[in-house]
Amino acid sequence: MRIFADENMPLVQQFFNQFGDVNLFNGRHVSAAQLQDADILLVRSVSNVNAQLLQHNTKLRFVGTATIGMDHIDQTYLAARNVAFASAPGCNAQSVVEYVLSSLWCLADKYQWPLAEKTIGIVGVGNIGSRLAQALQALNIRVLLCDPVRARNEIGFNHTDFTTLCQQADIISFHTPLISSGNDATKHLLNADTLALLKPDCALINASRGAVIDNQALLQDLSRAAKRRAVVLDVWEQEPDILTALLPYVDIATAHIAGHSIEGKARGTEMLYQRCAALLQQPLQQQLQQLLPVPAMEKLQISANFGLPDVQNIARLLYDVRRDDALLRHYLHGKGFDWLRKSYPPRREFSSLQLCGKVIPDFLPQLGFSLAQ
Ligand SMILES: NC(=O)c1ccc[n+]([C@@H]2O[C@H](COP(=O)([O-])OP(=O)(O)OC[C@H]3O[C@@H](n4cnc5c(N)ncnc54)[C@H](O)[C@@H]3O)[C@@H](O)[C@H]2O)c1
Ligand SMILES: O=C(O)[C@H](O)[C@H](O)COP(=O)(O)O
């Protein structure tokens, strides 16, 4: 069995050696010629898997993407060729939530916002959006939820339509897939017309896909002298060749790394391993928990005085998004966007830190921290 995998897929050898030899490739530059002998193809979000990439391959049985987003995969084409396909739903959802929380705390410090008085609009309430809503509610922050798909399918889902959300929210965070056409299209969901609906100081966070926001329209909006809104961008149109003119107006700018916690990336590999084992009718020999490195900090004692204002201090022990903003601003013009992603420094999720103490406030596990056994 010949397995071809993106070189930026952690633990791929450890998981997939069980099925055959693992060959690594550069996901951005992989070619049809390289993949002609692949039985199993494992990609991340930077490889477009379509008829062109697979034109020389007649053996392929399985394609997996170790990501949540699937807009880079032509699933219709794979189904027509009878190639099994899997993604990794939810694998890095917690990592993205921690990115958004860190961004909110940084903006709150920078602009002295009382976060508890803000209304945060969440657009796309799936794995990430619903976890984020739960975390914000645990912090006593009001949320508005916008998800027309869930609104149609779930009785009682508390939906706010996008226009109303644009008019009422103080901060909007985008968590939709990139959908190019149809009633639920999200490409350029935020464009010149919808930007005009926002409060003048409505802050924006995009950690979904770059093209959910029309980047040129955003630049126009931000460069109008009278407007000052805070902006956090993890994702950009036309990565890796991003619109650098946006950078001076963006408070936090990162290289599509919101989901790049050690756990988030490795969970994606494990989910594909599990799907492959089922397809090949092989036993599961590896488990992520056994392969993850020991975290630098394992346990933290919480005292009875611990309160909501202390949460950011624990969160910052594990992750501060300003590190990643600084990396992008320093290295984008030299080493570049893809280098920043490939060389991403280790980052552990909240769950890696076990909290000890007689009384642990409920909001800590609701944010994703684990309790010591
Ligand atoms: N920046 C990163 O590193 C990173 C990491 C993970 C995922 N992502 C992106 O985030 C997206 C969301 O991830 P998820 O795990 O929550 O996916 P999900 O599929 O669980 O949820 C997406 C939600 O968006 C909703 N939706 C669809 N069309 C919509 C529309 N027009 N308006 C509002 N809501 C709409 C869906 O109904 C669904 O509930 C992914 O598709 C991916 O593109 C980015
Ligand atoms: O969709 C996803 O899961 C994320 O965007 C993912 O973290 C992107 O990372 P990449 O696959 O490009 O390394």
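Criteria and cut-off values
- Residues numbered from 1 in each chain as written.
- Chains lettered and ligands numbered in written order.
- Predicted model: local features only at pLDDT ≥ 70, side-chain atom pairs only at ≥ 80, totals over all residues.
- Heavy atoms only, no water.
- Pairing = 2+ DSSP bridges.
- Helix = DSSP H or I, 4+ residues; strand = E, 2+ residues; numbered from the N terminus.
- Axes fitted to C-alpha atoms, helices over the stretch in contact; angles between N-to-C directions.
- Contact = heavy atoms within 4.5 Å.
- Near = heavy atom within 4 Å.
- Polar contact = N/O pair within 3.5 Å; in protein donor to acceptor, adjacent residues only side chain to side chain.
- Areas by Shrake-Rupley, 256 points an atom, 1.4 Å probe, with all protein chains shown as cover.
- 1 Å grid on protein atoms, 1.4 Å probe; cavity = no way out; pocket = protein on both sides within 12 Å on 5 of 7 lines; lining within 4 Å.
- Sits in = over half its atoms within 2 Å of the grid points.
- Nonpolar A, V, L, I, M, F, W, Y, C, P; charged D, E, K, R; others polar.
- UniProt positions renumbered as here; feature names shortened; annotations may be inferred.

So, about the sheet that holds strand E3 (residues 40–43). Whenever strands of a sheet pair, they do so through backbone hydrogen bonds, lying parallel or antiparallel. Ordered by their spatial adjacency, five strands build an open sheet running E2-E1-E3-E4-E5, and the pairing between neighbours is parallel. A strand with exactly one partner marks an edge of an open sheet, and here the two such strands are strand E2 (21–25) and strand E5 (84–86). Ignoring strand direction, the axes of neighbouring strands in this sheet form an average angle of 15 degrees. As judged from the three bridges shared by strand E1 (residues 2–6) and E3, these two strands associate in the parallel manner. Looking across to E3, one finds that Ile3 is bridged to Ile40. Packing of helix H9 (residues 262–280) onto the sheet brings it into contact with E3, strand E4 (62–65) and E5, and relative to E4 it is tilted by some 165 degrees.

What follows is about the site of ligand 2. Around ligand 2, the surrounding shell consists of Arg44, Ser45, Val46, Thr67, Ile68, Gly69, Asn92, Arg209, His256, His260 and Arg341. Between Asn92 and ligand 2, the recorded distance is 3.0 Å, taken from a side-chain N or O atom to an oxygen atom. When the free accessible area of ligand 2 is taken as 350 Å², the share hidden by the protein chains comes to 93%. In this structure, ligand 2 is accommodated by the largest pocket. Its residues placed into classes, the shell around ligand 2 shows two nonpolar, six polar and three charged.

The UniProt entry lists residues 291–358 under the feature "domain: Erythronate-4-phosphate dehydrogenase dimerisation" (unreviewed entry), expressed in the numbering used here. End C-alpha atoms of residues 291–358 are separated by 31 Å, and the span's content is 38% helix alongside 9% strand.

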